[in-house]
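# Working through the structure, step by step
Letter by letter, the chains look like this.
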Amino acid sequence: MTELSDETTLHHRELWGSMEDVMVLSKTEAAAALADIQETTRRGATLRGYRIGGPILMLWSVIWMLGYLGMGLLPPHQWGWAWLVLDTVGAIGSIVLARPAEKAVQASGAKAGGATLKMIGGMAVAIVFVMSTFYVLKPADPAAYLAFPGLMVGTIYAAVGVFVARRYLAIGAVMFALTMIGFYAFPEVLAFWMASASVGLFVSGVWLARA
Amino acid sequence: MAKADDLIHQPLRLKIMAALYAERDRDPPEFSRLKAITQATDGNLGSHLTALEKAGYVEILKDHVGKRPRTRAAVSAAGAKAFREHVAYLRELVEGID
């Protein structure tokens, strides 16, 4: 809505000669004001979400780095266990980091919406999807095992960016691009390339936390 | 019928009140965050916050975090009530309730 001055948005009229000023708005002005309130509230919630998501993203950047370093240093049959342990640590850490925000929502009397359960559910879906895809497609190229989680994470963030909060679109695009660059340009050291790409996630977390 | 509040209805003051009302049960937002939410300039935000503070709708909280000065704003009980009434007025107007 355009920023209008008091004089143009507010009309005054005299009532029964009492000289009392009463603000009279049209239906259109009232609807525009309500839309402004809704947009401001939405923007505030998005910024609040960024500040909650920032530290969680920073935590996952460390998980990501350790996981890919593990893939670079450990034999392939130990990769699954390494990720299972790291994902568990990441999930618990995320719940702990999101807890104060959820408590604040509960304290306000608003419906919390089970954010913790949703987070656990989302992570479980992602892990099951990755494992099932590997099981069904059985990629022969080890680089595919390394690149696929990166592409999936990039896609999930981009989708969140398209539908919910724009900054995640940029983060998803960066992670997707870094994975593709590593896959085609540095296939021999892809695990270490992906580990170093965690810096991109960490910086993204700082960007969100400062919103 | 609910009452309109011409102090709140000014577009930027309406955004400030909407932002602060949404944050009323959390830590009061800092000036810079309020600026990002309302998309206002420093000068505009400062002057309208002052107007709302004078009306008793907003409380300005100044302190220090380490050596950094911090300015935060919070909606007062009177401000929350006035905002609720103004929103009710707007809704009634849109829905055509007399």
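None of these values were measured; they are calculated from a predicted model.

Definitions and cut-offs
Residues numbered from 1 in each chain as written. Chains lettered and ligands numbered in written order. Predicted model: local features only at pLDDT ≥ 70, side-chain atom pairs only at ≥ 80, totals over all residues. Helix = DSSP H or I, 4+ residues; strand = E, 2+ residues; numbered from the N terminus. Buried ≥ 20, exposed ≤ 12 C-beta atoms within 10 Å, placed from the backbone. Core = buried A, V, L, I, M, F, W, Y, C linked by C-beta atoms within 7 Å. Contact = placed C-beta atoms within 7 Å. Pairing = 2+ DSSP bridges. Expected span 1.5 Å × (residues − 1). Arc of directions from axis to C-beta. Axes fitted to C-alpha atoms, helices over the stretch in contact; angles between N-to-C directions. Parallel < 35°, antiparallel > 145°, perpendicular 65-115°, else oblique. Left-handed = near helix turned anticlockwise from the far one by under 90°. Nonpolar A, V, L, I, M, F, W, Y, C, P; charged D, E, K, R; others polar. pLDDT = per-residue confidence, 0-100.

### Re the overall build of chain B
Assigned secondary structure in chain B consists of five helices and two strands. The order of α-helices and β-strands along chain B, N terminus first, is α-α-α-α-β-β-α. When its C-alpha atoms are laid out on the principal axes, chain B stretches across 55 × 25 × 20 Å. For chain B, the residues scored as buried account for 38% of the 98 residues in total.

### A word on the nonpolar core
Counting 29 residues, the largest nonpolar core has I16(B), M17(B), A19(B), L20(B) and V58(B) as the members making the most contacts within it. Among the secondary structure elements, those contributing two or more residues to this core are α2 (27-73) of chain A together with α2 (11-22), α3 (31-38), α4 (42-54), β2 (68-75) and α5 (77-95) of chain B. No other element matches α2(B), which puts seven residues into this core. Not counting the four nearest positions on each side in its chain, L20(B) is found in contact with V58(B), A73(B), A74(B) and V75(B).

### Points about the pairing of β2(B)
Residues and elements named next belong to chain B. Pairing of strand β1 (residues 58-65) with β2, which is carried by eight bridges, proceeds in the antiparallel orientation. The residue of β2 that forms the bridge with V65 is R68. Once β1 ends, the chain turns through two residues before running back antiparallel as β2, passing G66 with a positive phi of about 65°.

### Things to note about helix α8 (residues 198-209) of chain A
Residue and element names in this part refer to chain A. With twelve residues, α8 should cover 16 Å at 1.5 Å per step; its first-to-last C-alpha distance of 16 Å lies within 8% of that length. What α8 keeps buried is the set S198, L201, S204, G205 and L208. Down the axis of α8, the smallest arc covering the buried residues is 110°, so these residues share one side. On its buried face, α8 sits against α2, α6 (167-185) and α7 (190-196).

### Some remarks on the packing of α2(A) against α3(B)
Axis separation between α2(A) and α3(B) bottoms out at 8 Å; the angle between their running directions is 130°. Looking at the two axes, α2(A) sits oblique to α3(B). Viewed along their axes, α2(A) and α3(B) form a crossing whose handedness is right-handed. Contact residues: T40(A), R43(A), G44(A) and L47(A) in α2(A); R33(B), A36(B), I37(B) and T38(B) in α3(B). Residue composition of the contact of α2(A) with α3(B), grouped by class: three nonpolar, three polar and two charged.

### Considering α6(A)
Residues and elements named next belong to chain A. In this model, α6 (19 residues) spans 27 Å end to end at C-alpha, consistent with the 27 Å of a helix rising 1.5 Å per residue. For α6, the complete set of buried residues consists of R167, Y168, I171, G172, M175, L178, T179, G182 and F183. Buried residues along α6 cover an arc of 140° about the axis, so they all sit on one side. Summarising the geometry of α6, the exposed residues directed more than 90 degrees from the buried face are I181, Y184 and A185. In this structure, the buried residues of α6 make contact with α2, α5 (142-163), α7 and α8.

### Some points on the confidence of the model for chain A
Here chain A averages 83 in pLDDT, while 82% of its residues score no lower than 70. Low confidence marks residues 1-20 of chain A, where pLDDT is under 50. Its contacts with residues over four positions away, or in another chain, come to 23 contacts.

### Concerning the confidence of the model for chain B
Residues and elements named next belong to chain B. In the predicted model, chain B carries a mean pLDDT of 92, and 98% of its residues have values of at least 70. Least confident of the elements in chain B is helix α1 (residues 6-9), whose mean pLDDT is 90; most confident is α2, at 96. Under the prediction, the complex receives an ipTM of 0.90, its pTM being 0.76.

### Re the packing of α2(B) against α3(B)
Residues and elements named next belong to chain B. For the pair α2 and α3, the least separation of the axes is 10 Å and the interaxial angle reads 120°. On the basis of the axis angle, α2 is oblique to α3. Crossing of α2 over α3 shows right-handed handedness. Within the contact between the two elements, α2 uses L12, K15, I16 and A19 and α3 uses L34, I37 and T38. Across the contact of α2 with α3, the residue classes tally to five nonpolar, one polar and one charged.

### Comments concerning unusual backbone geometry
Only a minority of non-glycine residues have a phi that is not negative, and only a minority of peptide bonds are not trans. With a phi angle near 45°, K138(A) is a residue other than glycine that sits in the positive phi range. As for its placement among the helices and strands, K138(A) is situated in the loop between α4 (115-137) and α5. Positive phi, normally seen in glycine, also occurs at Q39(B), with a value near 55°. As for its placement among the helices and strands, Q39(B) is situated in the loop between α3 and α4.

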